[in-house]
Amino acid sequence: MLYREAGQFKESYAADMAIFPIRQDRIGLAIILVAAFVGVPLAASDFVLAVVMVPLLIFALAAIGLNILTGYTGLLSLGTGGFMGVGAFACYKLTTAFPDLNIVVCILTSGVVASAVGAVFGLPSLRIKGFYLAVATLSAQFFLDWCFVRIPWLVNHNVSGAIEVPIRTLFGVAVTGPNASPQVRYLVILAIVTFLTWIASNLLHGRVGRSFMAVRDMDIAAELIGIKLYQTKLLAFAVSSYYCGVAGALMVFLWYGSAEPAVFGIDQSFLILFMVIIGCLGSLVGSFFGAALIYGLPIALRNGLGALGLQIPAATVEHLTLMTVGGLIVLFLIIEPHGLARLWQIGKQKLRVWPFPY
Amino acid sequence: MKKTSIVAVALCAAIAATTAMPVVPASAQEQIYVPLFTYRTGPFSGSGIPIAEGMHDYLEMLNQRDGGIGGVKLAIEECETGYDTKKGIECYESVKNKKPVVVNPWSTGITLPLIARASVDKVPVLSMAYGLSASAVGDVFPWVFNPPATYWDGLSMILSYIGGKEGGLEKLKGKTLGYIYLDAGFGKEPIPLFQQFAKDYGFNLKLYPVAATEMQNQSAQWLNVRRDRPDYMVLYGWGALNPTAIKEAARVNFPMDKFVSIWWPGEDDARSAGAAAKGFKMLNWHAVGADFPFIQDIKKHVTDKNLTQTDKTHIGALLYNRGVYNSMLIAEAIRTAQGLTGKKAVSGEDVRRGLESLDVSPARLKEIGMAGFTDPLKLTCSDHNGHLPAFMQEWDGAKWVKISDPIKPMMDKVGPLLADAAKEYVEKNTGWPKRTEACDKSS
């Protein structure tokens, strides 16, 4: 009833091609942004901010990165964890080499390093496709893993072999390190994620994004209409790895506070891949949904069971959570194989014609 | 299709509702909140379950037998980490607001982020014989404790045992020692010390790293062992790495009595290799078995009343007793803190002081039914470790048998290394706070 576009006329091509052509969508987005930037930091407890919101945004960013590669360009990658690690280690090296450099600049620059590494490992993508490419990126994952463990220079020869995040401030407020409040960390991450999502949205709706999708849909046809496969695929790898790298740097610096190389293992790659598949291949909002389901649901279940006042041993809760999440993933994939973002889209479509579906 | 969208909306609402729910502090006024980070699930649960059982049962026994510590009940709550850093941090954040008096991360990966947070959140970290070795230096790490010995102490004890068998450390000259380890912070930490020993005593050191993902596939490393024929092998492993290493050693016919491990393998690890594991050795600092008054009390007050999920066959097992030892330290620290402050319901700050003044004397050990179970331990402001001697024990095919007297760590080698590591940590972490916590007189 409220969600109806009757009376909204488009008078220019720009209005017709807008990303959010319906006014209610634009209002909704504004409300979400205001809520995220103002409401959540004011209302949410430290626990919700530090354990739910911060990781959720970081995972969503990583999922966007993988989505650009797998969802939009159709190149299956299992190297996400490795690329995130490159970002994290690059950020560590940068911030220890230039302690006075703004930490946000460090984080955003570390993505460039990840992007270069990603482009190098994207080289085989011109020759090999599908599952074979997945195996090639798997080798990237293992190689990078090996580097993180074996090259002590990457962690400045720390005895612990781990990244130890130093204290960095922004306008006099601690952003990293133990003194950084969850509110500050959340806002910094939210700003970076919002900005990068906006960039990704523009990129994907433009020429570059269309060439990505053309390659995904049929690479021979794309080549015939003049898209250079090699450059497009490498660009997809570079952009995707940039996002993953920034997500990795955020993860270690603004969430964990210290990280062993094991954090960037193959498990991480699979986790992000599942988020993308559950969320929706080729959808930005799907990346957020996927992260919410895969990462947020177990926490919600764990705390939900506790809040009900049931005396269940911690290990049993863990088993229950694993079973429920597994079951829900299967359920969602049966209801809508194209992921949560597709469900969202269908829901909106239904609302537009409600109450007179035909 | 309509149904599906309703389902989706309902689920989203449910998720939002449950995540937004604030965490209600469970501890009432007159309780001491002791969270236990455990892992009864995941790839390391084989080791994690007996430890969790031991930790829980000892504290529960104090609750049942004495009504807690100093008349205040302990609110014991387990948080499942699955040995995963992500979940460990989630656990920490979820218990932080309930005023925990101490946290035991039970994973080096979880300990490292908590080291920096401990002083800010005023929650002491007890990483018992794991974590960052340098945190033994209390002047730099006032909030972190890692008694009773560091991994560097452990290595020096293993080497002095091997030296003793050969008739002096000098006799190691020209021999080859192999080191098989988990290729992570934990396993890599002893390498600099090992290399220094190799240089000082003129033996060859061969390294056999095992990646965390390859713990159950060590055939390549052991092929190399067979080729290099080291005179001794030293093992630093955890989880599935230990049983696999013992099995592989048996397969390549490595003489088991020359295979020495740090303190983490349990009975199941040795048992898995069958009769061939006979002669396998490891360091330990507490007794194995159930013939102690405190275990009888645990049986009487906890396990026989079914107040726990403990598998009764685990009672008295090596890692079960390790868990009990960990809880004993917590309990004694709380008791010491109560004595120092005169308060009943102590806070994290008080327990930090309690840990620094911890003095588990022989008389006290007898009092708590642990005479002969372990050695006395005394911590001070500057020494958060104790550097306790450990003894060597051997697997006789069915159980662990103590085969040596306590071996002292070589503090002349380990001490400077610890000081250097602590200094380096401070240098690399610019802005690391200087110790401001006052030192209690008794310590």
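Position numbers for residues count from 1 along each chain, tracking the sequence in the order it is written. Just so you know, chain letters begin at A and ligand numbers begin at 1, following the order they were written in. Under the rules for a predicted model, residues below a pLDDT of 70 receive no local features and side-chain atom pairs below 80 are neither given nor counted, while totals for whole chains, interfaces and linings still include all residues. In computing side-chain values, all of the structure's heavy atoms are included and hydrogens and water are not.

Chemist: Just to check I follow, could you spell out the overall build of chain B for this structure?
Modeler: Numbering of helices and strands starts at the N terminus; helices are DSSP runs of H or I of at least 4 residues and strands are runs of E of at least 2. Across its full length, chain B holds 15 helices and 13 strands. Every radius of gyration here is taken over C-alpha atoms, with the globule rule written as 2.2 Å times N^0.38, N being the number of residues. Whereas a compact globule of 443 residues would reach a radius of gyration of roughly 22 Å, chain B reaches 23 Å, a difference of no more than 12%. Seen through its principal axes, chain B has C-alpha atoms that stretch 70 × 65 × 50 Å. Under the scheme applied here, a residue whose accessible area is under 20% of the maximum for its type counts as buried, over 50% as exposed, and between as partly exposed, the area being computed with a 1.4 Å probe on protein chains only. Taking all 443 residues of chain B together, 61% fall into the buried category. Contacts are assigned to residue pairs with any non-hydrogen atoms lying within 4.5 Å of each other. Pairs at least 24 residues apart make up 70% of the contacts formed inside chain B by residues separated by at least 6 positions. Surface accessibility in these figures is a Shrake-Rupley result with a 1.4 Å probe; residues are shielded only by whichever protein chains are displayed. Looking at chain B as shown, the accessible area adds up to about 16,200 Å², and 53% of this sits on carbon and sulfur atoms. Only four residue types enter the charge count: Lys and Arg as positive, Asp and Glu as negative, with His and the chain ends excluded. Where a charge sits is defined by one atom per residue type, namely NZ (Lys), CZ (Arg), CG (Asp) or CD (Glu). Counting 50 positive and 48 negative side-chain charges, chain B places the centres of these two groups 2 Å from one another.

Chemist: Sorry if this is basic, but what is going on with the overall build of chain A here?
Modeler: Tallying secondary structure elements over chain A gives 14 helices and four strands in all. The C-alpha atoms of chain A give 21 Å as radius of gyration, which agrees with the globular expectation for 358 residues (21 Å, within 12%). For chain A, the C-alpha atoms occupy an extent of roughly 65 × 60 × 45 Å along the three principal directions. Residues classed as buried in chain A amount to 53% of the 358 residues present. Sequence separation of 24 or more characterises 74% of the internal contacts of chain A that already satisfy a separation of 6 or more. When the accessible surface of chain A is split by element, carbon and sulfur atoms take 71% of a total near 16,000 Å². For chain A, the distance from the average site of its 20 positive side-chain charges to the average site of its 15 negative ones is 7 Å.

Chemist: How do you make sense of the side chain of Gln338 of chain B when you look at a structure like this?
Modeler: Summarising the element assignment, Gln338 of chain B is placed in helix H12 (residues 318-341). Once you skip the residues sitting within four places of it in the chain, Gln338 of chain B turns out to touch Ile32, Ile69, Gly70, Val72, Lys343, Lys344 and Val346 of chain B.

Chemist: Just to check I follow, could you spell out the packing of aromatic side chains for this structure?
Modeler: What describes a pair of aromatic rings is the distance from one ring centre to the other and the angle between the planes of the rings. All names here are of chain B. Only Phe, Tyr and Trp rings take part, Trp by its six-membered ring, and two of them pair if their centres are within 6.5 Å. Stacked means planes under 30 degrees apart, edge-to-face means over 60, and tilted covers everything else. The full count for this structure, using the stated rule, is 43 aromatic pairs over all chains. Ring plane angle 80 degrees and centroid distance 6.4 Å describe the contact between Tyr58 and Phe294, whose orientation is recorded as edge-to-face. Placement of Tyr58 in helix H2 (residues 45-66) and of Phe294 in helix H11 (residues 293-303) is noted, with a sequence separation of 236 residues between them. Taking the centre distance of 5.9 Å and the plane angle of 75 degrees together, the rings of Trp106 and Trp264 count as edge-to-face. With Trp106 in the loop between helix H3 (85-96) and helix H4 (108-121) and Trp264 in the loop between strand S8 (259-261) and helix H10 (267-271), the pair connects residues that are 158 residues apart, well separated along the chain. Connected via pairs of aromatic rings, a cluster forms that spans Tyr151, Tyr179, Tyr181, Phe186, Phe194, Phe203, Tyr236, Trp263, Trp285 and Tyr325. In our convention, an over-ring charge means Lys NZ or Arg CZ found within 6 Å of a ring centre and within 35 degrees of that ring's normal. Looking at Arg352, its charged tip hangs above the ring of Trp143, at a distance of 5.3 Å from the centre. Across from the ring centre of Phe391, 4.5 Å away, lies the NZ or CZ of Lys402, which sits over that ring.

Chemist: Whenever I open this one, the interface of chain B and chain A confuses me. Can you help?
Modeler: Frequently, the measure chosen for interface size is the accessible area removed from exposure when the parts meet. Listed as interface residues are 45 residues of chain B and, on the opposing side, 52 residues of chain A. We define buried area as the total accessible area lost by two parts upon association, computed with a 1.4 Å probe and summed across both. Taken together, both faces of the contact between chain B and chain A bury some 4,300 Å²; the carbon and sulfur share is 65%. Take a side-chain nitrogen of Lys or Arg and a carboxyl oxygen of Asp or Glu: if they are within 4 Å of each other, that pair is a salt bridge. Summed over the shared surface of chain B and chain A, the number is three salt bridges. For Arg302 of chain A, the salt bridge goes to Glu90 of chain B, with nearest N and O atoms at 2.8 Å. Two N or O atoms form a polar contact when they lie within 3.5 Å of each other; inside protein one atom must be a possible hydrogen donor and the other a possible acceptor, and for residues adjacent in sequence the pair counts only when both atoms belong to side chains. Summed over the shared surface of chain B and chain A, the result is nine residue pairs in polar contact (both at pLDDT 80 or more). A per-element tally of the side of chain B that touches chain A places helix H1 (residues 2-20) of chain B first, with eight residues. Residues are grouped as follows: Ala, Val, Leu, Ile, Met, Phe, Trp, Tyr, Cys and Pro are nonpolar; Asp, Glu, Lys and Arg are charged; all remaining types, including Gly, are polar. Broken down by class, the residue content of the side of chain B that touches chain A amounts to 17 nonpolar, 14 polar and 14 charged.

Chemist: Is there a simple way to think about the state of the cysteines in this case?
Modeler: By definition, a disulfide links two cysteine residues through a covalent bond between their sulfur atoms. The disulfide definition used here is simple: a pair of cysteine sulfur atoms within 2.5 Å. Applying the stated criterion to the full structure yields two disulfides over all chains. Cys381 of chain B shares a disulfide with Cys439 of chain B; S-S distance 1.7 Å. Between Cys381 of chain B and Cys439 of chain B, the disulfide has an S-S torsion of 115 degrees and is therefore right-handed. Taken as a pair, Cys381 of chain B in the loop between strand S11 (377-378) and strand S12 (391-395) and Cys439 of chain B in the segment after helix H15 (411-428) lie far apart in primary sequence, 58 residues in all. Since its relative accessible area comes to 7%, Cys381 of chain B is described here as buried. Of the residues examined, Cys439 of chain B reaches a relative accessible area of 43% and is grouped as partly exposed. Free of any disulfide, Cys106 of chain A has its nearest neighbouring cysteine sulfur in Cys91 of chain A, separated by 5.2 Å. Cys244 of chain A takes part in no disulfide bond, and the closest cysteine sulfur, belonging to Cys91 of chain A, lies 15 Å away.

Chemist: What should I look at first to understand the sheet that holds strand S5 (residues 176-182) of chain B in this one?
Modeler: Each strand in a sheet pairs with another by means of backbone hydrogen bonds, the pair being arranged parallel or else antiparallel. All names here are of chain B. One bridge is not enough; two strands pair if DSSP finds at least two bridges between them. Taken in spatial order, the seven strands line up as S6-S5-S7-S8-S9-S12-S13 in an open sheet, and their pairing is mixed. With partners counted over all chains shown, the strands left at the sheet margins are strand S6 (204-210) and strand S13 (400-402), one partner each. For this sheet, the mean angle separating the axes of adjacent strands, direction not counted, is 25 degrees. Inspection of the sheet shows S12 paired to S13 by three bridges, in the antiparallel sense. In the sheet register, Glu394 faces S13, and the bridge partner there is Val401. Lines fitted to the C-alpha atoms define the axes, with helices restricted to the stretch that makes contact. Angles between their N-to-C directions range from 0 to 180 degrees. The strands touched by helix H5 (residues 151-166) within the sheet are S5, strand S7 (232-236), S8, strand S9 (281-284) and S12, with S7 carrying the most contacts at an inclination of about 160 degrees. The strands that helix H8 (residues 219-228) touches are S5, S6, S7 and S8; relative to S6, the one it contacts most, it runs at about 165 degrees.

Chemist: How do you make sense of the packing of helix H12 (residues 284-307) of chain A against helix H14 (residues 340-353) of chain A when you look at a structure like this?
Modeler: Between two packed helices, the angle of one axis relative to the other and the distance separating the axes together describe the packing. All names here are of chain A. Where H12 contacts H14, the axes come no closer than 8 Å and their chain directions differ by 115 degrees. Along the contact surface, H12 presents Val285, Gly286, Phe289, Gly290 and Leu293, while H14 presents Leu340, Ala341 and Trp344. Its residues placed into classes, the contact of H12 with H14 shows six nonpolar, two polar and no charged.

Chemist: Would you mind going over the environment of Lys173 of chain B with me for this structure?
Modeler: Residue and element names in this part refer to chain B. Topologically, Lys173 is positioned in the loop between H5 and S5. Lys173 sits in the exposed class, given a relative accessible area of 63%. Discounting residues that sit within four places of it in the chain, Lys173 has contacts with Tyr201 and Gly202.

Chemist: Is there a simple way to explain a nonpolar patch on the surface in this structure?
Modeler: Residues and elements named next belong to chain A. To count toward a patch, a residue needs a relative accessible area above 30% and no salt bridge. Like charges then connect within 9 Å, nonpolar side chains (Val, Leu, Ile, Met, Phe, Trp, Tyr) within 5 Å. Taken together, the side chains of Ile19, Phe20, Leu29, Leu33, Val34, Phe37, Val38, Leu42 and Leu187 define a hydrophobic patch exposed on the protein surface, amounting to about 740 Å² of accessible area. Top element by residues in the nonpolar patch is helix H2 (residues 23-43). It accounts for six residues. Mapping Val34 onto the fold places it in helix H2.

Chemist: What's the story with the domain arrangement of chain B in this structure? I'm lost.
Modeler: Residue and element names in this part refer to chain B. Residue ranges for the domains originate in an automatic or database domain assignment. Looking at chain B, the domain boundaries give domain 1 (31-149 + 288-378 + 420-428) and domain 2 (151-284 + 392-409). Here domain 1 and domain 2 have C-alpha centroids that lie 27 Å from each other. At the junction of the two partners, domain 1 supplies 21 residues and domain 2 supplies 19 residues. Both faces considered, domain 1 and domain 2 share a buried interface measuring about 1,600 Å² in area, 60% of it formed by carbon and sulfur atoms. Our enumeration of links across domain 1 and domain 2 arrives at zero salt bridges. Scanning the region where domain 1 abuts domain 2 turns up seven residue pairs in polar contact (both at pLDDT 80 or more). Elements represented by at least two residues in the side of domain 1 that touches domain 2 include exactly H2 and H12. Ranked by the residues each element gives to the side of domain 1 that touches domain 2, the list is headed by H12, at three residues. Its residues assigned to classes, the side of domain 1 that touches domain 2 comprises 15 nonpolar, four polar and two charged.

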